[in-house]
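Geometric and topological summary
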Amino acid sequence: MASRTCDLVERVHPAQQFDLDALLRYSSANVHGFPLSPSKFSVSQFGHGQSNPTFLIEVISGSSVNRYVLRKKPPGKLLASAHAVEREFQVLQALGVHTQVPVPKVFCLCTDSSVIGTPFYIMEYLDGRMFLDPRLPGLAANRRREVYRATAAALASLHSADVDAIGLGKFGRRDNYCKRQVCVIFLEITVERWARQYIASTGEGKSDRNPKMLALADWLRQHIPVEDSLGETSGLVHGDFRVDNLVFHPTEDKVIGILDWELSTLGNQMCDVAYSCMRKPWPLAQWKFYVAFSMFRGASIYAGVHSRWIMGNASGGERAQRAGRKANLLVETAWSFIGRKSVLPQHPPSYSTGQDPLEQLENESNHLNEGGKFVPSKKVLELRMRLIKFMEDHIYPMENEFYKLAQSTMRWTIHPEEENLKELAKRDGLWNLFIPFDSAARAKELLFGGRNESPINKSWDYFLGAGLSNLEYGYLCEIMGRSVWAPQVFNCGAPDTGNMEVLLRYGNKEQLQEWLIPLLEGKIRSGFAMTEPQVASSDATNIECSIKREGDSYVINGKKWWTSGAMDPRCKLLIVMGKTDFTGPKHKQQSMILVDIHTPGIHVKRPLTVFGFDDAPHGHAEILFENVRVPAKNILLGEGRGFEIAQGRLGPGRLHHCLRLIGAAERGMQMMIQRALKRRTFGKLIAEHGSFLSDIAKCRIDLEQTRLLVLEAADQLDRLGNKEARGILAMAKVAAPNMALKVLDMAMQVHGAAGLSSDTILAHLWATSRTLRLADGPDEVHLGTIAKLELRRAKL
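The model shown is predicted, which means the values in this text are computed figures rather than measured ones.

A word on the packing of helix α15 (residues 437-448) against helix α19 (residues 496-506). For the pair α15 and α19, interaxial distance at closest approach is 8 Å and the crossing angle is 55 degrees. Considering the angle they form, α15 stands oblique to α19. As α15 runs across α19, the sense of the crossing is left-handed. Residue-level inspection shows Asp-438, Ser-439, Arg-442 and Ala-443 of α15 in contact with α19, the latter providing Glu-501, Leu-503, Leu-504, Arg-505 and Tyr-506. Residue classes in the contact of α15 with α19 are distributed as 4 nonpolar, 1 polar and 4 charged.

Given below as structure tokens:
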């Protein structure tokens, strides 16, 4: 159960006593509103806590009772850099003035040790509850969930603080946080932070030194995660974030104050997460390091407390006496944890906007186990983690802004933040991830003979992706599919991906230099013009648009529609499919040609809508080609090769659509569950209705089945090629949109009228999913392919 903050005080420990008259004089002069001549002035000590001594000041003046909290350094000789109340004051003041992070208000900082013997500061007293046991005994399961949720929300609020904007940009170094705190080099007996503190707190005349502690430091040094050195999980770190350092509202399960900022700095925020969740599972590959690091740091702190108890200046009384045993227990526990063969799954969680990571772990099943066929490599996991963070930090917060512009009279213009986000994506190595390694290798060889020199004066691999297979990209593409705006930010949006793939696979050197390079850079966008309004374009042999050779040019005449991307003001290139020979063999009549959209004779007639969405500023256009003259050099592969190119283009493109649909469905699942856990109908939560429970279970089954099918299609595309994988690709192309429609339809149903509106992303995701039952071929075409392959097998 919780304890009221006022019940946690006791008499001041003899070793912690100081001059009360001096404190009264100082407070009266420096704390705004402090009574000048109180009828009663008393100080008692908070018994909870082992570090900087903390005191309750009660001041009575007439009928008014004022309470304050004083926090000071311990007396006596202290470890270097420890107990820095000045830093505590700095971070509390910055957060209290400039953010909504729940912290007590600070009134004054005194660095003059002559006042009460050590530096101190005075802050607001918070009348609330504290949970001293993180297991929350005595609370019902639903109440524990609310307390843990509030704890996670408080941690998220402090981790979201923009340190540069609030004046804490130089509060600490952002990179190598764990390395600096752990590193031990035994040959030189050089130690850092916690190892140094542990050695200083143990040994002759002090707490016993545990040799396993130094071995633990060495293990940690050898297993520091990659993101620590990159500073990718950096920000404001509390350093001692746990439930018993939080003050909760007297009656509500919400945090009103985060206490004990002594260890706060800038650094790896995952350390805060691990420290506050040591009793909870967390599917992250580096979790073993973070949990062990938390125990290592805790052991060092307990050793320091025990050392102060031996010296007689500890603030924790009998608890300080037991701290030495606790330090050794943590060391043993850390080694036991490290030694476990199977601790957690290796697949990191996919976060959605506005959702606590702990809660999402309960809602999102983990389809990647420690073994098996579809286990991503460390490289892919690191990219996925980086992508998830980018989505959380940059994409989800901007969705409403993008929608506002897309629904305004300026909707065919580009939001300036989109271009800024593209630069961030490039910087983070999240650019052109869709490019298969074999296509990248062809482009590298064709453009500059395989040398690491680029015609755009930058490293070639910067623009040619991360060297991933289709299967590896699948784990990333799914994450992008959670937002309709995300793919284009990473230069991984249709139809640009398909058009770049056409150039990568089939373009010559001149075509790559003219068109591929600006597409790779993100300087231009493109459209794909195949579908025609007057014929059934799912059968490409029906195409009527003519591409006629006249000397050194081709002349194009025809009408196209659903040319995705053509409305975008950045669209420069159209890949047009038409017929160069109306009398040749059925599949040799078609050709593809590269066309500058600004060529005379091209008339963009209108944008088309999908269930009312015109997808501005991207758009789908109806285009008229009237005697459009294009250089003959722009033909791809040569006349009659269009059908061949189309089949090569559609394999990866269809796969990308399916993967994004899985991401869209996953987001729909999460939004649906969140709504069901908060919305009441007929006296109970939607989540408590039996029909909902049945439906959500079926949705999860369908989603996981489809995910495995699509991953299998990606694997076959990598191993067998486009032709041999066409059957499984067809299955995925049918299954994915139908599954997504089912999940998103239920999500809209749970949201009621709001689900049909533009207030949520659900309607737009649903419209996009419904489109993909026709785009790249209707279901009936793919079902026919699947059936023919089955019949062919039966005849073998």
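What follows deals with the nonpolar core. If you look at the biggest cluster of nonpolar residues, it comprises 126 residues, and the most contacted ones within it are Phe-490, Ile-556 and Leu-574. Looking at this core, the element that brings in the most residues is helix α21 (residues 642-676), giving 14 residues. Once residues lying within four places of it in the same chain are set aside, the contact partners of Ile-556 are Cys-545, Ser-546, Ile-547, Val-576, Ile-593, Val-595, Phe-625, Glu-626, Asn-627, Val-628 and Val-630. Of all hydrophobic cores here, the second largest spans 67 residues; its members include Leu-56, Ile-166, Val-237 and Val-273.

Averaged over all residues, the pLDDT of the protein equals 85, while 86% of them reach at least 70. Here residues 452-458 is modelled with pLDDT under 50, and outside its nearest four sequence neighbours on either side it reaches 13 contacts, counting other chains as well.

The subject of this paragraph is the environment of Ala-152. Locating Ala-152 in the fold gives a position in helix α3 (residues 141-159). It is 9.8 Å that separates the C-alpha atoms of Ala-152 and Arg-242, two residues lying 90 residues apart in sequence.

A few words on unusual backbone geometry. Residue Ala-494 is joined to Pro-495 through a cis peptide bond whose omega torsion reads 0 degrees. When you line up the elements, Pro-495 lands in the loop between α18 (486-489) and α19. Although it is not a glycine, Asp-260 sits at a positive phi angle of roughly 60 degrees. Position of Asp-260 relative to the elements: it lies in the loop between β13 (255-258) and β14 (265-268).

At a minimum axis distance of 9 Å, the contact between helix α23 (residues 726-751) and helix α26 (residues 779-795) shows a crossing angle of 140 degrees. Taken together, the axis directions place α23 and α26 in an arrangement best described as oblique. Crossing angle aside, the handedness with which α23 passes α26 is left-handed. Of α26, the residues touching α23 (which contributes Arg-726, Gly-727, Ala-730, Met-731, Lys-733, Val-734 and Asn-738) are Asp-779, His-782, Leu-783, Thr-785, Ile-786, Leu-789 and Arg-792. The class makeup of the residues in the contact of α23 with α26 is 6 nonpolar, 4 polar and 4 charged.

All right, on to the pattern of salt bridges then. Taken as a whole, this structure holds 46 salt bridges when the rule is applied. Arg-71 is the salt-bridge partner of Asp-260, the closest N and O atoms lying 2.5 Å from each other. Taken together, the residues Asp-260 in the loop between β13 and β14 and Arg-71 in strand β5 (residues 64-72) connect sequence positions 189 residues apart. Assessed through its relative accessible area of 6%, Arg-71 is described here as buried. The salt bridge partner of Glu-622 is Arg-606, with a shortest N-O separation of 2.6 Å. Of this pair, Glu-622 sits in strand β21 (residues 620-631) while Arg-606 sits in strand β20 (residues 602-608); the two residues are 16 residues apart in sequence, bridging distant segments of the chain. Note on Glu-622: relative accessible area 9%, which makes it buried. Overall, Arg-606 belongs to the partly exposed group, its relative accessible area being 40%. Through salt bridges with shared partners, one network takes in Glu-418, Glu-419, Lys-422, Asp-496, Arg-525, Asp-568 and Arg-570.

Together, Lys-586, Lys-723, Arg-726, Lys-788, Arg-792 and Lys-795 give the surface a local cluster of positive charge. By residue number, the principal contributor to the positive patch is α26, which donates 3 residues. Assignment of secondary structure puts Lys-723 in the loop between α22 (690-720) and α23.

Our next topic: the packing of aromatic side chains. Centre distance and the angle of the planes are the two values used to describe a pair of aromatic rings. Under the criterion given, the structure shown has 12 aromatic pairs. Counting every residue linked through ring pairs, the aromatic cluster contains Phe-34, Phe-41, Tyr-68 and Phe-107.

Moving on, we get to the sheet that holds strand β4 (residues 54-61). Spatially, 6 strands are ordered β2-β3-β4-β5-β7-β6 in an open sheet, and the strand pairing comes out antiparallel. At either end of the open sheet lies a strand with only one pairing partner, and these are β2 (9-10) and β6 (106-110). Summarising the sheet, β2 and strand β3 (residues 40-46) pair through 2 bridges and their orientation is antiparallel. From the neighbouring strand, Glu-10 faces β3, where its bridge partner is Gln-45. Against the sheet, helix α2 (residues 85-98) contacts β5, β6 and β7 (120-124), and its axis sits at roughly 155 degrees relative to β6.

A few words now on helix α17 (residues 470-480). A turn of α-helix holds 3.6 residues, and therefore any two residues three or four places apart point the same way. Burial runs high along α17: 10 of the 11 residues are buried. Taken as a whole, α17 has its buried residues at Asn-470, Leu-471, Tyr-473, Gly-474, Tyr-475, Leu-476, Cys-477, Glu-478, Ile-479 and Met-480.

On to the side chain of His-238, then. Along the chain, His-238 falls in the loop between β11 (234-237) and β12 (246-248). According to the relative accessible area criterion, His-238 is buried, its value standing at 0%. From its side chain, His-238 meets the backbone oxygen of Leu-259 in a polar contact 2.8 Å long. Not counting residues up to four positions away in its chain, the partners in contact with His-238 are Leu-158, Asn-245, Ile-258, Leu-259, Asp-260, Trp-261, Leu-263, Ser-264 and Asp-272.

Judged by how many residues are buried, strand β19 (residues 590-596) sits mostly within the fold: 7 of 7 residues are covered. Burial along β19 is two-sided: the residues Gln-590, Met-592, Leu-594 and Asp-596 and Ser-591, Ile-593 and Val-595 are all buried. As paired strands, strand β18 (residues 571-579) and β19 are joined by 7 bridges and run antiparallel to one another. What sits directly across from Lys-579, in β19, is Gln-590.

Looking at where Gln-589 falls in the secondary structure, it is placed in the loop between β18 and β19. Under the relative-accessibility criterion, Gln-589 is labelled buried at 10%. For Gln-589, the side chain forms a polar contact with the main-chain oxygen of Gly-584, separated by 2.9 Å. Those residues in contact with Gln-589 that sit more than four places away from it in its chain are Gly-578, Lys-579, Thr-580, Asp-581, Phe-582, Thr-583 and Gly-584.

Rules of the game
- Sequence positions are assigned chain by chain, starting from 1 and proceeding in written order.
- Local features in a predicted model are, by the rule used here, given only for residues with pLDDT of at least 70; side-chain atom pairs are given and counted only at 80 or more, and totals for whole chains, interfaces and linings are based on all residues.
- Working from all heavy atoms in the structure, the side-chain values ignore hydrogens and water.
- Every angle, taken between N-to-C directions, lies between 0 and 180 degrees, and every axis is a line fitted to C-alpha atoms, over only the stretch in contact when it is a helix.
- Starting at the N terminus, helices and strands are each numbered in turn, a helix being any DSSP run of H or I of at least four residues and a strand any DSSP run of E of at least two.
- Any angle that falls under 35 degrees is termed roughly parallel, while one over 145 is termed roughly antiparallel, one within 65 to 115 roughly perpendicular, and all others oblique.
- When the near helix sits turned anticlockwise from the far one by under a right angle, the crossing is termed left-handed; a clockwise turn instead gives a right-handed crossing.
- Here, two residues are considered to be in contact whenever any of their heavy atoms come within 4.5 Å of each other.
- Just so you know the grouping, Ala, Val, Leu, Ile, Met, Phe, Trp, Tyr, Cys and Pro go in nonpolar, Asp, Glu, Lys and Arg go in charged, and all remaining residues, Gly too, go in polar.
- In this text, buried Ala, Val, Leu, Ile, Met, Phe, Trp, Tyr and Cys residues form a nonpolar core when linked through side-chain atoms within 4.5 Å.
- Only protein chains enter the accessibility calculation, which uses a 1.4 Å probe; a residue is then buried when its area is under 20% of its type maximum, exposed when over 50%, and partly exposed in between.
- As a per-residue measure, pLDDT reflects the predictor's confidence and takes values from 0 up to 100.
- We define a salt bridge as a side-chain nitrogen of Lys or Arg found within 4 Å of a carboxyl oxygen belonging to Asp or Glu.
- Each patch groups residues whose relative accessible area exceeds 30% and which form no salt bridge, using 9 Å between like charges and 5 Å between nonpolar side chains of Val, Leu, Ile, Met, Phe, Trp and Tyr.
- Here the open area of atoms and residues is found with the Shrake-Rupley method and a 1.4 Å probe, where only the protein chains shown may cover a residue.
- In this charge count, Lys and Arg are treated as positive and Asp and Glu as negative; neither His nor the chain ends contribute.
- Think of each charge as sitting on NZ of Lys, CZ of Arg, CG of Asp or CD of Glu.
- When the centres of two rings from Phe, Tyr and Trp lie within 6.5 Å, Trp using its six-membered ring, the rings pair. Their planes under 30 degrees apart give stacked, over 60 give edge-to-face, and anything left gives tilted.
- What makes two strands pair is DSSP finding at least two bridges between them.
- Any pair of N or O atoms that falls within 3.5 Å is considered a polar contact. Within protein, one atom must be able to donate a hydrogen and the other to accept it, and sequence-neighbouring residues count only if both atoms are side-chain atoms.

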